[in-house]
Amino acid sequence: MTIEWGWFPDHADEMTRLTADHLATAVPAVLLGLLIALPLAVLAHRVRPLRAFVLGASNILYTIPSLAFFVLLLPVTGLTRTTAIVGLTAYTLVVLVRNTVEGLDAVPVKAREASRAMGTKPLRTLLTVELPLALPVIMAGVRVATVMSISLVSVASYIGYGGLGQLFTDGFQRNFPTPVVAGVVLTLLLALVADALLVTVQWLCTPWRRGTARPRAATSPFAKLPAALKLWKRA
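Quick notes on the rules
Residues numbered from 1 in each chain as written. Predicted model: local features only at pLDDT ≥ 70, side-chain atom pairs only at ≥ 80, totals over all residues. Heavy atoms only, no water. Helix = DSSP H or I, 4+ residues; strand = E, 2+ residues; numbered from the N terminus. Contact = heavy atoms within 4.5 Å. Areas by Shrake-Rupley, 256 points an atom, 1.4 Å probe, with all protein chains shown as cover. Salt bridge = Lys/Arg side-chain N within 4 Å of Asp/Glu carboxyl O. Buried < 20%, exposed > 50% of the residue type's maximum accessible area, 1.4 Å probe, protein only. Phe/Tyr/Trp six-rings, centres within 6.5 Å; stacked < 30°, edge-to-face > 60°. Arc of directions from axis to C-beta. Polar contact = N/O pair within 3.5 Å; in protein donor to acceptor, adjacent residues only side chain to side chain. pLDDT = per-residue confidence, 0-100.

Secondary structure assignment for the protein chain yields 11 helices and zero strands. In the protein chain, the succession of helices and strands from N to C terminus is α-α-α-α-α-α-α-α-α-α-α. For the protein chain, the proportion of contacts with a sequence separation of at least 24, taken over those separated by at least 6, is 75%. Accessible surface for the protein chain amounts to roughly 14000 Å². Of this, 69% is attributable to carbon and sulfur atoms.

Rendered as structure tokens:
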């Protein structure tokens, strides 16, 4: 496989445009998925009989092949970006709903009881106690959903809104590997940058977890040296 390095500077504008298109499809899908997943997860968490139905419905959506899902949406939304966003949103739900439910389940019962004992209403308890404590698990789901959406946008190139996936299609059709490599590298970079940004957001939103790091002395390889010397003397 031969890479033509001169192709990259000549097509810098095209790669920039496709990267912007890629983000314009992936980011709204994750945000919309999160808006849908939060109330569904709260409902599944509080109304136990609905839990299996909500989680099962999201799993069923995930079993539909992405390309087939886009094709099924075409008669409704047409050859528009909406088709790609709706399809990607459906795929994010399986991760976002499950992680949000698990995060809410992990909230200590004593925290809820303390909030109720103070006379806090259920909605305020949810917003000020349960969701903040569940945020690390929820953010883990958001990170997975974001990376998944960034990778699946390329499939939407078959309906004309695949962002960097257009480079894949162009390279395969022309038997020219250079744009394919460019698309793979840029997609990977987008996923890494997005994940790093979400980690930063989680760190900023959970200040109470910053002091949980173990002391440096406890994690030092020399921390166990005195005990090792005692065992050596006994031998």
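There's plenty left to go through after this.
All right, on to the pattern of salt bridges then. Using the criterion set out here, one finds eight salt bridges in the structure. Between D105 and R51 there is a salt bridge; the shortest N-O distance is 2.5 Å. Taken together, the residues D105 in helix 5 (residues 81-105) and R51 in helix 3 (residues 48-63) connect sequence positions 54 residues apart. Look at R51 and you get partly exposed, because its relative accessible area is 21%. Notably, a salt bridge pairs R112 with E130, separated by 2.6 Å at the nearest N-O pair. Here R112 is found in helix 6 (residues 109-117), whereas its partner E130 is found in helix 7 (residues 122-152), with 18 residues between them in sequence. With relative accessibility at 10%, the residue R112 sits in the buried group.

Taken as a whole and judged by the stated rule, the model has three aromatic pairs. For the pair F69 and Y91, a centre-to-centre distance of 5.9 Å together with 85 degrees between the ring planes defines the contact as edge-to-face. Of this pair, F69 sits in helix 4 (residues 66-77) while Y91 sits in helix 5, and the two are 22 residues apart along the sequence. The same class applies to F69 as to Y91, namely buried. Grouping aromatic residues by their ring pairs yields a cluster made of W5, W7 and F8.

Right, let's get into helix 8 (residues 165-174). Those residues of helix 8 that sit buried are G165, L167, F168 and G171. Looking straight down helix 8, one finds its buried side chains confined to an arc of 150 degrees; they lie on one side. Tucked into the core, helix 8 has its buried residues touching helix 1 (7-10), helix 2 (12-46) and helix 9 (177-205). N175 occupies a position one or two residues after helix 8 and carries a positive phi of about 55 degrees.

All right, on to the side chain of T206 then. Inspection of the secondary structure puts T206 in the loop between helix 9 and helix 10 (216-219). Within the structure, the side chain of T206 is placed 2.6 Å from the backbone oxygen of Q202, a separation counted as a polar contact. Excluding anything up to four places from it in sequence, T206 contacts L135 and P136.

Considering the arrangement of structural elements, one finds A114 in helix 6. Residue classification places A114 among the partly exposed positions, given a relative accessible area of 41%. Residues A114 and V129 lie 15 residues apart in sequence; the distance between their C-alpha atoms is 9.9 Å.

On to the confidence of the model for the protein chain. In the predicted model, the protein chain carries a mean pLDDT of 83, and the fraction of residues at 70 or more is 89%. When pLDDT is averaged over each element of the protein chain, helix 2 comes out on top at 93 and helix 11 (residues 225-234) at the bottom at 43. Ignoring residues within four places in sequence, the model shows residues 213-235, a span with pLDDT below 50, making three contacts including any to other chains.

With that settled, the discussion passes to unusual backbone geometry. Although it is not a glycine, N175 sits at a positive phi angle of roughly 55 degrees. Looking at the secondary structure, you find N175 in the loop between helix 8 and helix 9.

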